[in-house]
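Reading the structure
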Amino acid sequence: QGRILEKTGLCSQITFGRYVRQGRRLRVDPKLFIQDLQFNKVPVRVYQPKATSHGRRRGILFFHGGGWVFGSLDTYEKVCRYLSRESESVVVSVQYRLAPEHKYPAAYEDCLNATVHFMRNAEHYGVDPARISVCGDSAGGNLAAAVSQTLAGRPDLPRLRAQVLIYPGLQALDFNLPSYHQNRGVPLLFRERAAFFALQYLNGDASHMQEVLKGSHIPPDMRQKYRKWVSPDNIPERFKARGVKPLNPTDFMAEVYETVKRFCEPNLCPLLAEDAVVHQLPESFILTCEYDVLRDDGLLYKKRLEDNGVRVTWCHLEDGFHGIISLYDYGGLSFPSGKRGLDSVVSFLKGL
């Protein structure tokens, strides 16, 4: 329907998608204080448990998913309430600016600025500055990983306690990893849409999507340089059981690379950060789903973190698909694996 409306000139696919996905404010929650504020001019929604606490609580910065293009405080209201209630934490949901109106690095900068503000004012919310974590799903997982890397070497701030990455998208060099082929037509995230979203975030223009999907956008020497981190060779064999399509080398197109070369910046593609940065990262939680094009991004980052001595708790949903966390309780439908995934996040947080 979005494409039909776009062709008739009524509205863009993205505008239609935002309309369909918009959440609605829920009723008052008897267990939570909820307020809308601004941190460093970034809109946020703060969830605070009403129950008395014997000490300072843990704090969680939550960055929502939606391909950097969709999503809002309202669409993730249920998830954030659940995380705050069940883990007895103060959750700060961040409304970063969306693409294509606001291109990279707008979303990243908003998440970073909101996080720094909260870290400096944590005690005002009854939060222990040493127990603050970043958390996000999909594009939000990308933003959480980027913020975590940026803060890893900041001597003027407390160290982040953890990063929680829920089916994160972490690179845009290779859209031909095994999970991209195995799950290219599996809802809720098709292979083409993953490239479309990355390009919308990068520069608001997806006209080179087909070249990017083929891999024509990365110079051969650069592909070779990053092969130690972005390669099917680093993915455990059991994840290739459903078949792997080898990538036929494609001709490099310099003019395409010129438009997308910022894909090699770790703030956009955290999987490409240098070891010296990865080595400093906090304890991590990574959730992956078997039926998800982004599965291998999570697996590759898990390996990078472990290779650099970072402690990783990994949850893999064998029957999961992209976006399932948001569907743990969706309009009367329930997806048990979504609830299982969300509860694994809560369990990890409660252990911090």
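Residues numbered from 1 in each chain as written. Predicted model: local features only at pLDDT ≥ 70, side-chain atom pairs only at ≥ 80, totals over all residues. Heavy atoms only, no water.

This part is about unusual backbone geometry. In this model, Ala99 is joined to Pro100 through a cis peptide bond whose omega is 0°. Following the sequence through the fold, Pro100 ends up in the loop between strand S4 (90-94) and helix H4 (106-120). Geometrically, the link from Tyr104 to Pro105 is a cis peptide bond, its omega value of 10° lying close to zero. Counting through the fold element by element, Pro105 comes out in the loop between S4 and H4. Located in the positive-phi region is Tyr167, a residue other than glycine, with phi close to 30°. (Helix = DSSP H or I, 4+ residues; strand = E, 2+ residues; numbered from the N terminus.)

Our focus in this paragraph is the packing of aromatic side chains. On inspection of all chains with the given rule, the structure shows 15 aromatic pairs. A centroid spacing of 5.6 Å and a plane angle of 80° characterise the contact between Tyr104 and Tyr201, whose relative ring orientation is edge-to-face. With Tyr104 in the loop between S4 and H4 and Tyr201 in helix H7 (residues 191-203), this residue pair connects regions lying 97 residues apart in the sequence. Tyr201 matches Tyr104 in its accessibility class, with the two residues each being buried. The interplanar angle of 65° and the centroid separation of 5.3 Å between the aromatic rings of Phe175 and Tyr180 together place this pair among those described as edge-to-face. With relative accessibility at 1%, the residue Tyr180 sits in the buried group. Here the guanidinium or amino end of Lys50 rests over the ring plane of Phe33, the centre of that ring lying 5.3 Å away. Here Lys302 stacks its cationic end above the ring of Trp314, 4.8 Å away from the centre of that ring. (Phe/Tyr/Trp six-rings, centres within 6.5 Å; stacked < 30°, edge-to-face > 60°. Buried < 20%, exposed > 50% of the residue type's maximum accessible area, 1.4 Å probe, protein only. Lys NZ or Arg CZ within 6 Å of the ring centre and 35° of its normal.)

Before going further, it helps to spend a moment on the UniProt feature "active site" (unreviewed entry) in the chain. Taken from the UniProt record, the annotation "active site" (unreviewed entry) applies to Ser138, Asp292 and His322. A maximum C-alpha distance of 10.6 Å is found for the annotated residues, which run over 185 residues; spatially they form one tight group. Within the fold, Asp292 resides in the loop between strand S7 (283-291) and helix H12 (295-307). Its relative accessible area of 1% is what places Asp292 among the buried residues. Those residues in contact with Asp292 that sit more than four places away from it in its chain are Tyr167, Ser179, Asn183 and His322. Examined against the element boundaries, His322 turns out to sit in the loop between strand S8 (312-321) and helix H13 (336-350). Not counting the four nearest positions on each side in its chain, His322 is found in contact with Ser138, Tyr167, Pro187, Leu188, Leu189, Tyr291, Asp292 and Leu294. A distance of 2.8 Å separates the side chain of His322 from the side chain of Ser138, its partner in a polar contact. (UniProt positions renumbered as here; feature names shortened; annotations may be inferred. Contact = heavy atoms within 4.5 Å. Polar contact = N/O pair within 3.5 Å; in protein donor to acceptor, adjacent residues only side chain to side chain.)

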